Every structure is written in C-alpha cells, then in structure tokens.
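Letter by letter, the chains look like this.
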Amino acid sequence: MSDPILRLEGVYTNIAQYHILQGVDLEVPRGAVTMLLGRNGVGKTTTLRTIIGHWRAHQGRVLLDGQDITRMPTPAIARAGVGFVPEDMGIFANLTVEENMVLAAASGPIDGARLDWVFQAFPPLKTFWKSEAGNLSGGQKQMLSIARAMVEERRLYLIDEPTKGLAPAIVSTMARALRELKAQGASILLVEQNFSVARALGDTACVMDDGRIVWSGEMRELATDASLQERLMGLSMEAH
Amino acid sequence: MSMAPEHAPTMARLSLAQRLAPWMPVLLVPLLVVAGLLAIPNTSSWLTLTVSGLAMGMMIFLMASGLTLVFGLMDVINFGHGAFVSVGAFVGVSVLLMLGGMTGAPSLALNLAAMGLAVIGAMLATGAMGWAFEKVIVKPVYGHHLKQILVTMGGLIVVEQLIIVLWGPEEIYISRPEALKGAITFAGAALEKYRLVAVGLGLVVFAAMRWTLRRTKIGLIVRAGVENGEMVQALGYRLRLVFVGVFIAGSALAGLGGVMWGLYQEVVSAHMGNQAMILIFIVVIIGGLGSVEGCFIGALLVGLMQNYVAFLEPKVALISNIGLMVAILMWRPMGMIPVVKAK
Ligand SMILES: Nc1ncnc2c1ncn2[C@@H]1O[C@H](COP(=O)(O)OP(=O)(O)OP(=O)(O)O)[C@@H](O)[C@H]1O
Ligand SMILES: [Mg+2]
C-alpha cells in the first residue's frame, strides 16, 4: 500500500487551559474514506481543526503527503489542497450561493464541468444560485458547504458531520454526493454520527475517546462487531 | 411546516410593510428630508440646509467608512482613526498653500487640479501612515479589545503631538480655492459650491467602494471576512494581507475626508480628527458595524439631522445626534444594516 495522504503523529492540542487532544495518531489512506468516530466531545472536531490549522498542535506532527504542515498558516494548508467542511458549515450568509462558490474556487474561475457535477449532486444550489446563502434551508446550507469543498479537486477533504440534523431524504442526498466524490478517487476524512452512512461510505475507521484514537482498522470489521462498538462508542450500530 | 418543494420556490404574498422592511434604512433619508421640510417653513432655507447636511454627511462617510470595515473584518477597535483625519487635513492644506498660484487663480480647472494634488498627497501620506500604524500599534493587540482601545488612543496622542512638532501649535487657516468660493442660487436658495463638490465626491467614493465590494474578488473576500474570517482562511485566502490592505485604504479615505473637512471649516487643528470621532463613531454604530451601506446612510442621517436641528434649535444640535443613535438602536440594536456574524 502507498504512503497515506495524511498522517498525524502524537498530536496534542490545548484549547485555553484544557488538554483536548492527547496524542492522536491517525492515518488517512490515499483514495479512501476514513471515518473518524466517537462519542460527543471526545475531540473529533478538534482533530479536524488542528489539521486545517485553526487550532495549533502543541506537540506532535501533521503530515500532508509526507510534508510537515503542523506550523503552516491555515491559508497555506488550504492552498496545499485541503478542503474543509466545518461542523457549523461556515456559510457566508450575506453572500449569494454563487459568491460562496466563487470564493471556494480559490485557484481560479470555477470549472464548468465540475460545477455541472455539483449541480447534479445538489440541484437546489442551481435553483438558488443568485440568492443570499443566509436564506437557504439548513439542508441546503449543508449542501453548499460540501459543494464549496467539491468545486475544486482537493488532495484531502475534511468533512465534519455533514448529515447533522438533516431529514432522511437529505441525508441520502449527502451520502450519494459523498459516494460520487469517493468514486473519483478522493481521499476523505469524515466525521459522521449516522452509522448507516458511516458503514456505507467508510473504508477504514478510527475511533476516538478522551482525545486519543483508541481503535483503528477496517470499517467492515467495526461494522460487524457489535460488542466492539459497544465498548468503543457505548452503543451498537445494529440498533440503528 | 412549509409544503413548498425545494426545487420550485413559490413567492409568498408579502404585505407592503414586509416588502418595505429591507429598504427602511434607505427610506429614512428621504423621510428625514421631508420631516425637515415640514419643520422648516422657509423652502429656500430648507434646501440650503439639506445640501449642507448632505455635504456634511458625505464627509463624515469618507472619514468613517474605513473604520467600519476595519472593525468588521478584524474586530479591531481603532480609537486612533481620527489621527488620519488630522494628518490628511494638514498634508492637504500644506499642499494647497504651496500651490497658492493655482488655488488663487479664478479657474475651476486649475483649482480642481490643485485640490486633486492635495488629496493625492494627503491620501498617500495617510495610507503610508496607516500601514505603519497597523504594523506597530494594532498588530500586537489583535483579539484584545481593552488593549486596542488604550494603545490606539495612545497612538492618536502621539500623532497629534507629531503634528504640533511639524506644523506648530497654532491652527492653520485656509481659504477655499477661488472658483469654489461662494454659492450658486437655485430655486431661490443659496447652495455653496464647495458643498456641491463634497456631495459629488462622496457619491463617487461610495459608488466605487460598493462596486469593489460587490464586483471584485477582493471585495468578496472582504465581505466574507467580515462575517467569518476563519472560514475565509480555510478557503485559502490570507486574511491578514487583505486586512492590512483595508486598513491602508481606510486610512487613506480618512485622510481624504480630513482634507475635505478642513477646507469645509476653513481651518485645521491637530485635534480636529479627534473631535470628528464622536460623529464618526455614531455613524459607524448606527449603520451596523462592518456595513459600508449602513455607514453611508448613517452619515447622511447624522449630517442632515445636525443641520436641521442647528437651524431650528442650535443648543440641541449635538444632542440630537445622540438622540438619533438611541432611537435607531432601540429600533435595530445591531444598527440599521446589521452584519450577520458567525458565532
Ligand atoms: N473553544 C473551546 N473552548 C474550550 N473547550 C472547547 C472548545 N472547543 C471544544 N472544546 C472542548 O473540547 C472537547 C472536544 O470537543 P470537540 O468539538 O472536538 O468534540 P467532538 O468529538 O467533535 O464532539 P461532537 O460529536 O459533539 O461534535 C470538548 O470537551 C469541548 O468541550
Ligand atoms: Mg464535533
């Protein structure tokens, strides 16, 4: 197997006086979907924010394709090819859908074919292209947030809970879009609480607890082992 | 729950009040003008006051527009902004005094050329000063409001003292260029030429700012950054560089406002910027922090209010603007055009 696209080595992150990440070791293989799972508040979002550089690792290293990005400024990490979909979606509400997308295509004008693909995955974005993003529904905002990452080819996608609070019909729209992204050979690190989505999309999985990765392996293995799930996350997927 | 499918939005039938709501701030300007007409019995006085209120508003807008973006973009409270107004005025006036031949000639073209040079000189000086001010004074205190207030006020005092060192402690009197003296008569009302120039210049600057913010990528980055700077960086843009650029542009605009204001009052002093800060802050707050449109409307309201009330009841002129601020904040606590902030 080739080198991973992303590797975290013993990452510690403090927020104010709190030690949130306490030695995270994690690998995202190239061209695969890696699920980052775990109970609420264990540090999944903090891990993604540390990778993109919103929080700084106090110890340890973050390697993108072998390159040390631990101390790189956030814009440089983004330019190095990391697409980020934050947990709160990070939509620019005062800008139109179009303006949000134009900004997301940081390296130049939006590629027409790629935009068609985005529209086909998320038709409402085409309908509301000229509307202010603040007027979109919650689900449409989430579509826009993912579409912003999809609008350019990235080396790595960091996606934080894309189905949070969405109705089942929209969850499947999201899952379909992510599956298409995966089919293009994208490397994705995905935080997801919806287990059926996690099981359907994930190739590998890392489970966090208390600021550490406590288990990592094949998603298939985790999906079929109810007692392992019970032990790692306090519930079993079969119940869902 | 709404049954409208998301692919085919239907337009709800809005009442007139709902349709007007987004335009209310803009409508306040004509409303105030009409109120002025009702309160001031003499139509020609009203017209004179309206033009001078608009001119004053435009100049306040020039001085305030940079401050609102600096606050919106980086959450920086700059109490030293008035320093750029003063420095701009002194540099501009110095240039005009040097170009006495051009300003004294009764030729509109020569006069405007001299003013243009004065404005360019002032904007270059205050732009450069803004760059240094950001680097030395503002950058070390990002994220600390109290320190920002103290340090930028300190910066203002230092700049005022530097002006006194360079230009002396006395106020400098300056008369307007020859062709811009006096007034034209329109519908029986005397309209000062200089004020008409100020109105025109303010409109041009406002249109240029709006165009830049709406139609260019830099403008998009600035607007997005006002809302959620963290996300702008996660998309690959170096917000700090953009902020420095905005700080420089805002300082240069304050310098431009300072020249215009100095010529309007026909006297400049080291403290004039600080004195203007009260009105500037009122305008920035009632407009909505970070909103250029709000700042523009707020400035026009303040300018008109000040002039109407000074005519009707001179003693309460300044209070009237505080009253205006209170009324607007009771109506819209985040200002007339509130900027949605992330988190
Ligand atoms: N800005 C902050 N200040 C202080 N503590 C924080 C901050 N952000 C996160 N934390 C703490 O860090 C811990 C990890 O939070 P994080 O958001 O990474 O969890 P998570 O795994 O993403 O949880 P969830 O599944 O609920 O999204 C939590 O205990 C949280 O309270
Ligand atoms: Mg989270």
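The structure presented is a predicted model; accordingly, all values stated were derived computationally and were not measured.

Basis of the calculations
Residues numbered from 1 in each chain as written. Chains lettered and ligands numbered in written order. Predicted model: local features only at pLDDT ≥ 70, side-chain atom pairs only at ≥ 80, totals over all residues. Heavy atoms only, no water. Helix = DSSP H or I, 4+ residues; strand = E, 2+ residues; numbered from the N terminus. Rg over C-alpha atoms; globule rule 2.2 N^0.38 Å. Buried < 20%, exposed > 50% of the residue type's maximum accessible area, 1.4 Å probe, protein only. Contact = heavy atoms within 4.5 Å. Areas by Shrake-Rupley, 256 points an atom, 1.4 Å probe, with all protein chains shown as cover. Lys, Arg positive; Asp, Glu negative; His and termini not counted. Charge placed at Lys NZ, Arg CZ, Asp CG, Glu CD. Near = heavy atom within 4 Å. Polar contact = N/O pair within 3.5 Å; in protein donor to acceptor, adjacent residues only side chain to side chain. Phe/Tyr/Trp six-rings, centres within 6.5 Å; stacked < 30°, edge-to-face > 60°. Lys NZ or Arg CZ within 6 Å of the ring centre and 35° of its normal. Axes fitted to C-alpha atoms, helices over the stretch in contact; angles between N-to-C directions. Parallel < 35°, antiparallel > 145°, perpendicular 65-115°, else oblique. Left-handed = near helix turned anticlockwise from the far one by under 90°. Nonpolar A, V, L, I, M, F, W, Y, C, P; charged D, E, K, R; others polar. Buried area = accessible area lost by both parts, 1.4 Å probe. Salt bridge = Lys/Arg side-chain N within 4 Å of Asp/Glu carboxyl O. Donors = N, O, S within 2.8 Å, 3.2 Å for Na, K, Ca; no water. Core = buried A, V, L, I, M, F, W, Y, C linked by side-chain atoms within 4.5 Å. pLDDT = per-residue confidence, 0-100. Expected span 1.5 Å × (residues − 1).

Looking at the overall build of chain B
Alright, step 1. Across its full length, chain B carries 13 helices and four strands.
Alright, step 2. Scaling as 2.2 N^0.38, a compact globule of 343 residues should have a C-alpha radius of gyration of about 20 Å, and chain B matches this with 21 Å.
Alright, step 3. By principal-axis analysis of the C-alpha atoms, chain B measures approximately 70 × 55 × 35 Å.
Alright, step 4. Looking at the 343 residues of chain B, the share that counts as buried comes to 52%.
Alright, step 5. Look at the contacts in chain B between residues 6 or more apart in sequence, and 77% of them connect residues 24 or more apart.
Alright, step 6. Split by element, the accessible area of chain B, about 15,600 Å² in all, is 72% carbon and sulfur.
Alright, step 7. Separation of charge centres in chain B, based on 20 positive and 13 negative side chains, amounts to 10 Å.

Quick look at the site of ligand 1
Residues and elements named next belong to chain A.
Alright, step 1. The environment of ligand 1 is made up of 13 residues, and the closest members are Gly 41, Lys 44, Thr 45, Thr 46 and Glu 87.
Alright, step 2. Residue Gly 43 places a main-chain N or O atom 3.1 Å away from an oxygen atom belonging to ligand 1.
Alright, step 3. Taking Gln 193, its side chain carries an N or O atom lying 3.1 Å from an oxygen atom of ligand 1.
Alright, step 4. When ligand 1 sits alone it has 630 Å² of accessible area, and the protein chains cover 64% of it.

What to know about the packing of aromatic side chains
Alright, step 1. Counted according to the given criterion, the structure contains 12 aromatic pairs over all chains.
Alright, step 2. Residues Tyr142(B) and Phe243(B) carry aromatic rings whose centres are separated by 5.8 Å and whose planes lie at 65° to one another, so their mutual orientation is edge-to-face. Note that Tyr142(B) is positioned in the loop between helix H6 (108-138) and helix H7 (145-167) and Phe243(B) in helix H10 (residues 239-265), a separation of 101 residues in sequence.
Alright, step 3. Take Tyr142(B): its relative accessible area is 23%, and that puts it in the partly exposed class.
Alright, step 4. Put simply, the rings of Phe84(B), Phe133(B), Tyr142(B), Phe243(B) and Phe247(B) touch in pairs and so form one group of aromatic residues.
Alright, step 5. Over the ring of Phe92(A) we find Arg148(A), and its NZ or CZ is 5.0 Å from the ring centre.

Observations regarding the packing of helix H11 (residues 272-287) of chain B against helix H12 (residues 292-312) of chain B
Residues and elements named next belong to chain B.
Alright, step 1. It is at 8 Å that the axes of H11 and H12 come closest, and there the two elements cross at 130°. Taken together, the axes of H11 and H12 are oblique relative to one another. Remark: the crossing between H11 and H12 carries right-handed chirality. Here Leu 279, Ile 282, Val 283, Ile 286 and Gly 287 of H11 lie close against H12, whose contacting residues are Gly 294, Cys 295, Gly 298, Ala 299, Val 302 and Gln 306.
Alright, step 2. Here the residues of the contact of H11 with H12 sort into seven nonpolar, four polar and no charged.

A closer look at the interface of chain B and chain A
Alright, step 1. In this complex, chain B contributes 23 residues to the contact, which on the side of chain A involves 32 residues.
Alright, step 2. Both sides together, the interface formed by chain B and chain A hides about 2,300 Å², and carbon and sulfur atoms give 59% of it.
Alright, step 3. The interface formed by chain B and chain A includes two salt bridges.
Alright, step 4. Notably, a salt bridge pairs Arg49(A) with Glu230(B), separated by 2.9 Å at the nearest N-O pair.
Alright, step 5. In this structure, the connection of chain B to chain A is made through eight residue pairs in polar contact (both at pLDDT 80 or more).

Things to note about the coordination of the magnesium ion (ligand 2)
Alright, step 1. For the magnesium ion (ligand 2), every protein donor is listed as Thr45(A) (OG1) and Glu87(A) (OE), and the spread of their distances is 1.9 to 2.6 Å. Here Thr45(A), found in helix H1 (residues 44-52), pairs with Glu87(A), found in the loop between strand E6 (82-85) and helix H3 (97-104); they are 42 residues apart in sequence, far enough to count as distant.

Quick notes on the nonpolar core
As a rule of thumb, nonpolar side chains are buried together in soluble globular proteins.
Alright, step 1. The biggest cluster of nonpolar side chains holds 195 residues, and the ones touching the most others in it are Leu6(A), Leu26(A) and Phe122(A).
Alright, step 2. The leading source of residues in this core is helix H3 (residues 43-74) of chain B, at 18 residues.
Alright, step 3. Apart from residues no more than four positions distant in its own chain, Leu26(A) is found in contact with Leu6(A), Arg7(A), Leu8(A), Leu36(A), Thr47(A), Leu189(A), Cys206(A) and Ile213(A).

Details of the confidence of the model for chain B
Alright, step 1. Scored by pLDDT, chain B comes out at a mean of 91, with 95% of its residues at no less than 70.
Alright, step 2. Here the predicted complex carries an ipTM of 0.93, next to a pTM of 0.88.

Let's talk about helix H2 (residues 24-39) of chain B
Residues and elements named next belong to chain B.
Alright, step 1. Here H2 is 16 residues long and its end C-alpha atoms lie 22 Å apart, about the 22 Å a rise of 1.5 Å per residue gives.
Alright, step 2. Residues of H2 that are buried include every one of Pro 25, Leu 28, Val 29, Leu 32, Val 33 and Gly 36, and no others.
Alright, step 3. On its buried side, H2 packs onto H3, H12 and helix H13 (317-331).

A look at the environment of Met129(B)
Residues and elements named next belong to chain B.
Alright, step 1. Tracing the backbone shows Met 129 in helix H6.
Alright, step 2. Given a relative accessible area of 18%, Met 129 falls into the buried group.
Alright, step 3. Put simply, Met 129 and Ala 252 are 123 residues apart on the chain and 8.7 Å apart in space, counted from C-alpha to C-alpha.
Alright, step 4. Excluding residues within four positions of it along the chain, Met 129 makes contact with Ala 83, Phe 84, Val 87 and Val 159.

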